[in-house]
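Architecture and fold: a report
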Amino acid sequence: MDRADDNLFETVEARAKLAGSNRLEILLFSLGSTEIFGINVFKVREVSKTPFITPAPNMPSGVEGLISLRGNVIPVVSLGRALGFQPPDGPMGDSMMVTEYSKRTVGFLVEDVDRIMRIEWDKLRQPDNISGASNNYITAITSLQDGRLVSILDVEAILANIFGEPPIGQINPLGSSIEANVFFVDDSGIARKKIMEVLDKLGVAHKHALNGLEAWTRLQSMASHAQLRKTPLSDELDLILVDAEMPEMDGYVLTRHIKSDARFNGIPVVMHSSLSSEASRAMGKTVGVDAYVAKFDAGILAETMRPYLLAKQNKQ
């Protein structure tokens, strides 16, 4: 299988049309065990046989070395070894998926790439009550028609474990006299942790949800309570921060629900996603997001939210 296989990969623009339809396409692969794994095809730039990898000194654990890909030098990670399915001296993997997450291009070595499966986001479920090192990197689970389970990997968590969590850096607080409230939703544990750090440094109160459907349920409840009090929800909620890819309801559909409900008038929606292409930004604008921020630059995220969080104060 190689990048010239038109049956495997279409254009980025064609796949971008799935965004907002609450559907995605998952690339299925194996890591040398009986388990089946998947990642969003939209984040995979190409698939090829494992190329020659140049070992390099002082590489993080899990990084097999470097390759040159059309003039760019990128790290290559053996997913089987990184997740503990292969011993350190075991097979690296026969196939390589070149992926782009949060503006970082990485080659992932896998045992075998199977096929693409189109699925609705509401057919993905967050894993419950599972333990084990590899399960810390599973963000959702779905099933094939024959009943076999597919584990969707939390690649953000894998990259953070290998390369380290992105630093937050200096973020100036809004000010002690300013009270602001944010509701955010993200299905990645590492992303939620970093978002909370940013909001805490801004001095912002916050609540969160783990997926789009949970977020919409909680937001509707907040809006209903505000109606009972006969006060606008915008008096107590200053901004909603949404991820794009989430089990059960994606961020595009969630944003469309929010923007079509008058109870949320005056509350800006910022989309925060590891899908950093222009096509993804364009789709965000189509459903009505007020701003789009690529993961994960804490400073840019903070400065994108800051004017919205100060807007109420400036009107007083």
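Quick summary incoming for the structure in this document. Starting from 1, residues in each chain are numbered consecutively following that chain's sequence as written. Two thresholds apply to this predicted model, a pLDDT of at least 70 for residue-level local features and 80 or more for giving and counting side-chain atom pairs, whereas whole-chain, interface and lining totals are computed over all residues. The side-chain quantities take in all heavy atoms of the structure and omit both hydrogens and water.

**Some details on the sheet that holds strand E4 (residues 63-69)**
Whether parallel or antiparallel, the strands of a sheet pair through hydrogen bonds between backbone atoms. Any two strands are treated as partners once DSSP identifies two or more bridges connecting them. Only DSSP runs of H or I reaching four residues or more are called helices, and only runs of E reaching two or more are called strands; each is numbered from the N terminus. Here we have five strands laid out as an open sheet, ordered E3-E6-E7-E5-E4, and mixed in their pairing. Each having just a single partner strand, strand E3 (44-49) and E4 make up the two edges of the open sheet. Strand-to-strand, the axes of this sheet are offset by a mean angle of 30°, without reference to chain direction. Axis geometry follows a simple rule: fit a line to the C-alpha atoms, using only the stretch in contact for helices, then measure angles between N-to-C directions, giving values from 0 to 180 degrees.

**Brief notes about the packing of aromatic side chains**
Only the six-membered ring of Trp is used, alongside the rings of Phe and Tyr, when aromatic pairs are assigned; centres must lie within 6.5 Å, and planes under 30 degrees apart are stacked while those over 60 apart are edge-to-face, with the rest tilted. The tally for this structure, following the rule as stated, stands at two aromatic pairs. Relative to Phe37, the ring of Phe29 lies with its centre 6.1 Å away and its plane at 25°, an arrangement referred to as stacked. For the pair Phe29 and Phe37, a shared accessibility class is recorded, and that class is buried. Relative to Phe264, the ring of Trp216 lies with its centre 5.7 Å away and its plane at 40°, an arrangement referred to as tilted. Linking Trp216 in helix H5 (residues 212-228) with Phe264 in the loop between helix H6 (251-259) and strand E14 (269-273), this pair joins segments that are 48 residues apart in sequence. For the pair shown, Trp216 and Phe264 are each scored as buried. Our definition puts a charge over a ring when NZ of Lys or CZ of Arg is within 6 Å of the ring centre and also within 35 degrees of the ring normal. The ring of Phe163 has Arg104 lying over it, and the distance from NZ or CZ to the ring centre is 4.4 Å. Classification of residues uses two cut-offs on accessible area relative to the type maximum, computed with a 1.4 Å probe and protein chains only: under 20% is buried, over 50% is exposed, and between them is partly exposed.

**A short note on the nonpolar core**
Nonpolar cores are built from buried Ala, Val, Leu, Ile, Met, Phe, Trp, Tyr and Cys residues. Side-chain atoms within 4.5 Å join them into one set. If you look at the biggest cluster of nonpolar residues, it comprises 29 residues, and the most contacted ones within it are Phe29, Ile39, Leu79, Met97, Phe108 and Leu153. If you list the elements that add at least two residues to this core, you get strand E1 (23-30), strand E2 (36-40), E3, strand E6 (95-101), strand E7 (104-110), strand E9 (138-143) and helix H3 (155-163). Top contributing element to this core by residue count: H3, with six residues. By definition in these notes, contact holds between two residues if any of their heavy atoms fall within 4.5 Å. Not counting chain neighbours up to four residues away, the residues in contact with Phe29 comprise Glu35, Ile36, Phe37, Gly38, Ile39, Leu79, Met97, Val110, Asp112, Val113, Asp114 and Leu153. By size, the runner-up hydrophobic cluster in this structure holds 28 residues, among which are Ala209, Trp216, Leu254 and Met271.

**Overview of helix H4 (residues 189-202)**
A helix is expected to reach a length of 1.5 Å times the quantity of its residues less one. Its 14 residues give H4 an end-to-end C-alpha distance of 20 Å, which sits within 8% of 20 Å, the value for a rise of 1.5 Å per residue. All buried positions along H4 are accounted for by Ile190, Ala191, Arg192, Lys194, Ile195, Val198, Leu199 and Leu202. A positive phi of about 80° marks Gly203, the residue just after H4.

**Looking at the environment of Ile171**
Residue position: Ile171 is located in the loop between H3 and strand E11 (181-185). Between the C-alpha atom of Ile171 and that of Ile300, which follows or precedes it by 129 residues, the distance is 10.0 Å. Contacts of Ile171, omitting those with residues within four sequence positions, involve Val198, Lys201, Leu202, Ala298, Ala302 and Arg306.

**Some thoughts on the pairing of E4**
The buried fraction of E4 is high, at five of seven residues. With six bridges connecting them, E4 and strand E5 (residues 72-78) associate as antiparallel partners. When the sheet's bridge partners are listed, Gly65 is paired in E5 with Val76. Counting the residues that bridge the hairpin from E4 to E5 gives two residues, and of these Arg70 lies at a positive phi of roughly 50°.

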